[in-house]
Amino acid sequence: MASSSSSSTTQPKASTLGQKGQSGWMVYYDIDDIETLTETEQRPKKKRKANPSTTDGSTAAAKPTRRRRDLSLLPTMPIDILFEILGQLNPKDLVNLSRINKLFRETLLARNTRTVWKTARERFNAPKPPRGFTEVRWAALLFDTACQSCGTACVHNVDWNLRKRVCKKCKQEHLIEASSFKDKFPNYHRDVLGYVPSTDDNGKRSRRRRVAGNFYWEGDIRKIGSEWERYQRAASEEKPGAQQTFDAWKKYRKDIVASHTKTAGRYERWQDSQIDRKQAEFVESREKRLNAFKTRFMELGYTEEDIDLAIDITSEGIYTGTSNVTTAIWNKYRPQFELEIQKARNLRRAREVQGAIAKKLEMLRGLYETHLSTLRPSATYFYPPVEFLWSFPDVANILESDKPIAAKDFQHVVDRLDEYVACYNDAKRKLLLDTLPSDEVSQVADPFSLARYVFQQDDGASLRSGLLGWPAIAAHSSLGSLNYELRAGVSVNAPLGVFLNQRLSAISAQLITLAGLDPMTATIDDMEAQDICVRCEGCKNSDKYDIYTWRGALNHAFEFHNPHRYSRFSTHDGDIDQLFTHEVPERVESIKAAVPSPPAEAKVWSCNHCHGFQRDNAEGKSLVLEHLASVHSMLNPTAHEDYFINELRRPYLKGFRSATIVQRVQCSICDSVFDRDAANSHLMGMEEYARFEVDQRRSARSRRPKEQASSWTKNSRL
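What counts and what doesn't
- Residues numbered from 1 in each chain as written.
- Predicted model: local features only at pLDDT ≥ 70, side-chain atom pairs only at ≥ 80, totals over all residues.
- Heavy atoms only, no water.
- Helix = DSSP H or I, 4+ residues; strand = E, 2+ residues; numbered from the N terminus.
- Buried < 20%, exposed > 50% of the residue type's maximum accessible area, 1.4 Å probe, protein only.
- Contact = heavy atoms within 4.5 Å.
- Areas by Shrake-Rupley, 256 points an atom, 1.4 Å probe, with all protein chains shown as cover.
- pLDDT = per-residue confidence, 0-100.
- Core = buried A, V, L, I, M, F, W, Y, C linked by side-chain atoms within 4.5 Å.
- Salt bridge = Lys/Arg side-chain N within 4 Å of Asp/Glu carboxyl O.
- Axes fitted to C-alpha atoms, helices over the stretch in contact; angles between N-to-C directions.
- Parallel < 35°, antiparallel > 145°, perpendicular 65-115°, else oblique.
- Left-handed = near helix turned anticlockwise from the far one by under 90°.
- Nonpolar A, V, L, I, M, F, W, Y, C, P; charged D, E, K, R; others polar.
- Disulfide = S-S within 2.5 Å.
- Arc of directions from axis to C-beta.
- Expected span 1.5 Å × (residues − 1).
- Bend = angle between axes of the 7 residues up to and from the residue.
- Pairing = 2+ DSSP bridges.
- Patch = residues over 30% accessible without salt bridge, like charges linked within 9 Å, V, L, I, M, F, W, Y side chains within 5 Å.
- Polar contact = N/O pair within 3.5 Å; in protein donor to acceptor, adjacent residues only side chain to side chain.

On a plain count of helices and strands, the chain comes out with 26 helices and 18 strands. By residue count, 38% of the 718 residues in the chain fall in the buried class. Considering only contacts in the chain between residues 6 or more positions apart, those separated by 24 or more positions represent 61%. Accessible surface for the chain amounts to roughly 42700 Å². Of this, 50% is attributable to carbon and sulfur atoms.

Listed below in structure tokens is the structure:
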């Protein structure tokens, strides 16, 4: 028995956690046994490789090789020098060093190195090892962040009730609840749990209230249970002193369990203080790294104010890395930091002159509007907001000039406004043409005249319509917010861009096909001449639906159907025959006559001889014609020449004609025909009569054929 006990203490159980094959051989020992190790496995010797160049038995000349840098000679140094070196290490480094190989392990686990471990522990104000722990084992528990059960890294918290550092997964696998003790260990006495440390954290996020001492480590139960059985068996056999030994063991275990509970709070407070210390050290290291970069950038001429606006300790490249900024690190992060600093500098300077720039821009706006007043109203819609001039460097230089600016300084800009606008529109057209299929664009002279291409402004949420044709695209030049980057870090307001709406374009192509035209060649004027009427399959019901024009259908799809729902339209010549009688075509023509497209009184018309009905001030057609006759003495004005549709107001056209389908029903009692609403009133008036005749009608219906059993029969749809 003695030899067996000795063998169990001198040969601890090894784990295969650190094994990496023969080339990286290592054995990881449990921290409970790290100091009791006296005999260890030797590293297997590597076989010497044969030199392939020696084929004739001659010995090849040995090539000089550089000596690898290693720590193999460290343990052989004089003891005072070795202790001086080890004394500079922290406890975690000592633990890792003791696991390198046999020589380091024997050196660091020697009795004369206990002062090294103690000094390292005291530098961190760590508590003294409790009973049952050596300095080495205590240091491993406090500072090694690997799970003691499975070896998982980065387990930062210790369960101080158990005095074990284990991960959540191992807790869930190896913790036994008190209520499950007899099921797991039927051969152990129930009182064993009173001598085993317990915890209230089983590694699960349970909403129920935790009960202190409810979970026990499986290995502790087995160890204490086996000791209990051994002492109890000896006491039951009435061996001399066995009962006293059993009682002493119980008292010892009770003291251990009480010590776990008593000291857990103090150890947790120390652990929290270490977290705060590490955070403070981390912040200090980040600040050193930041200051190193700041020093280098200030040497390049950047101000501290701009640097502080651009980077801080949370910036990528500052948050990680050592506090020592080498030349390699500087060259790696300088481009990204310098760009941010330049952005911050530009933005700061722009804010300093923001008020002066605003005054200059207002001066330029007045000159711009004066120029627009000299143009025909229909031509002004091709002129974007004055902010488009930011894209021209000569204008931007005047606006950002430090010198006082007067109206005369903008005169050369005003003289060239038409050139600026033409250049802006040409660039806009070219940008949009690049988004269209090249093979389709090459077949037509003006791709923007095709009815199949539907565009949309970037700020589509505020515009309830797609844009058809270049006039509509040019007219809708809403001003965006800080959407044009003048230079790095400085953005200004500029007109919003336009893009091709693929979904609406596909719907438009479908509508062109329904009109009997070729989507590849049909123009906007062709579709306007067709004046087709379609209905939305996704919005119809059995009683009423709306008939849409071509433009109205696109507006409806844009406003009421999200991009994930494809609107389907059908003509009256197709599916409508299933719902209407032969009178339907006549009704449709009457609807067209009653509600022309576009409606005459829709406020979408503007005068082309003055600026009284411009932009948001468009009016109905009759009012504009009256204005032309009374103000401009034009009794027979020409459409699109003397007056025109305001493209900014076109989306507000409803673009549909209402068509109501009323289902007629016939009363089986009096043979009268009613619509649904009138039928309900008729039923209420016939209530007394129906009660009086109820029995007779029920018996009569029971004798009719099944298809005539209903009180109401459909007669027709009128």
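For any part of a model where pLDDT is low, the fine detail of the predicted coordinates should not be relied upon. For the chain, mean pLDDT is 78; residues scoring 70 or higher make up 71% of the total. Of all the helices and strands in the chain, strand β2 (residues 28-29) carries the lowest mean pLDDT, 30, while helix α11 (residues 304-310) carries the highest, 95. Taken as a whole, residues 206-211 scores under 50 in pLDDT and shows seven contacts with residues more than four places along the chain or in a different chain.

By size, the foremost hydrophobic cluster in this structure holds 26 residues, and its most contacted members are Leu86, Leu94, Trp117, Trp138, Leu142, Phe143 and Trp160. Put simply, the parts of the chain that give this core at least two residues each are α2 (79-86), α3 (91-98), α4 (102-108), α5 (114-123), α6 (135-143) and α10 (242-299). At seven residues, the largest contribution of residues to this core is made by α6. Leaving out residues up to four positions away in the same chain, Trp117 has contacts with Pro91, Leu94, Val95, Leu108, Glu135, Val136 and Ala139. Ranked by size, the runner-up nonpolar core spans 23 residues in total, among them Tyr383, Phe392, Ile398 and Val413.

Let us now look at the pattern of salt bridges. The full count for this structure, using the stated rule, is 26 salt bridges. Arg348 is the partner of Asp306 in a salt bridge, and the nearest nitrogen-oxygen pair spans 2.6 Å. Placement of Asp306 in helix α11 and of Arg348 in helix α12 (residues 327-352) is noted, with a sequence separation of 42 residues between them. Relative accessible area serves as the criterion here: at 18%, Arg348 is assigned to the buried category. Through salt bridges with shared partners, a single ionic network connects Asp159, Lys171 and Asp201.

Below, the discussion takes up the packing of α3 against α6. For the pair α3 and α6, interaxial distance at closest approach is 9 Å and the crossing angle is 115°. The angle between the axes of α3 and α6 places the two elements in the roughly perpendicular class. Note on packing geometry: the crossing formed by α3 with α6 is left-handed. Between α3 and α6, the contacting residues are Pro91, Lys92 and Val95 on the first element and Ala139, Ala140 and Phe143 on the second. For the contact of α3 with α6, the per-class residue count stands at five nonpolar, no polar and one charged.

Look at α5 against α6: their axes get within 9 Å of each other, and the N-to-C directions meet at 35°. Read as a crossing pair, α5 and α6 show a hand that is left-handed. Note on element contacts: α6 touches α5 through Glu135, Val136, Trp138 and Ala139, opposite Trp117, Lys118 and Arg121. Taken together, the residues that form the contact of α5 with α6 break down as four nonpolar, no polar and three charged.

As a further point, take the state of the cysteines. Here, the word disulfide means a covalent bond between the sulfur atoms of two cysteines. Scanning all chains against the criterion turns up zero disulfides. We note that Cys150 lacks a disulfide partner, and the nearest cysteine sulfur, in Cys170, lies 3.5 Å from it.

When helix α24 (residues 621-631) is considered as a whole, its buried residues turn out to be Val624, His627 and Leu628. Projected down its long axis, α24 carries its buried residues within an arc of 100°, all on one side. α24 presents Glu626 and Ser630 as exposed residues on the side facing more than 90 degrees away from its buried surface. The inward-facing, buried residues of α24 abut β13 (605-607) and β14 (643-645). Two residues or fewer after α24 comes Ser633, characterised by a positive phi angle close to 55°.

Topologically, Lys171 is positioned in helix α7 (residues 168-174). Assessed through its relative accessible area of 8%, Lys171 is described here as buried.

This part is about α12. The end-to-end C-alpha distance of α12 is 35 Å, a good match for the 38 Å that 26 residues give at a rise of 1.5 Å each. The largest bend along α12 measures about 45° and falls at Arg334, with the proline Pro335 one to four residues further on. Buried residues of α12: Ile329, Trp330, Tyr333, Phe337, Glu338, Ile341, Ala344, Asn346, Arg348 and Ala350, and no others. In this structure, the buried side of α12 is in contact with α10, α11, α13 (354-372), β7 (484-487) and β8 (490-492).

To continue, consider the sheet that holds strand β4 (residues 198-199). The strand order across the open sheet formed by three strands is β3-β5-β4, and the pairing between neighbours is antiparallel. Strands at the two margins of the open sheet, each flanked by one partner only, are β3 (175-177) and β4. Strands β3 and β5 (215-217) of the sheet are contacted by helix α9 (residues 218-236), whose axis makes an angle of about 70° with β5.

A cluster of nonpolar side chains, contributed by Met77, Ile81 and Ile85, occupies part of the molecular surface with about 230 Å² of accessible area. By the secondary structure assignment, Ile81 is in helix α2.

Along the polypeptide, Arg277 turns up in helix α10. Sequence spacing of Arg277 and Phe124 is 153 residues, and the spatial spacing of their C-alpha atoms is 9.5 Å.

Counting through the fold element by element, Thr380 comes out in helix α14 (residues 377-380). A polar contact of 2.6 Å, which involves the side chain of Thr380, links it to the backbone oxygen of Pro377. If we ignore the near neighbours within four places in the chain, the residues touching Thr380 are Leu372, Leu375, His611, Gln614 and Arg615.

A positive phi angle is found at Arg163, which is not glycine, with a value near 55°. In this fold, Arg163 is placed in the loop between α6 and α7. Even without being a glycine, Ser633 presents a positive backbone phi close to 55°. Turning to its location among the elements, Ser633 is positioned in the loop between α24 and β14.

Glancing now at the environment of Leu375. Here Leu375 shows up in the loop between α13 and α14. Separated by 236 residues in the primary sequence, Leu375 and His611 have C-alpha atoms spaced 9.6 Å apart. Non-local contacts of Leu375, meaning those with residues more than four positions away in its chain, are made with Thr380, Tyr383 and His611.

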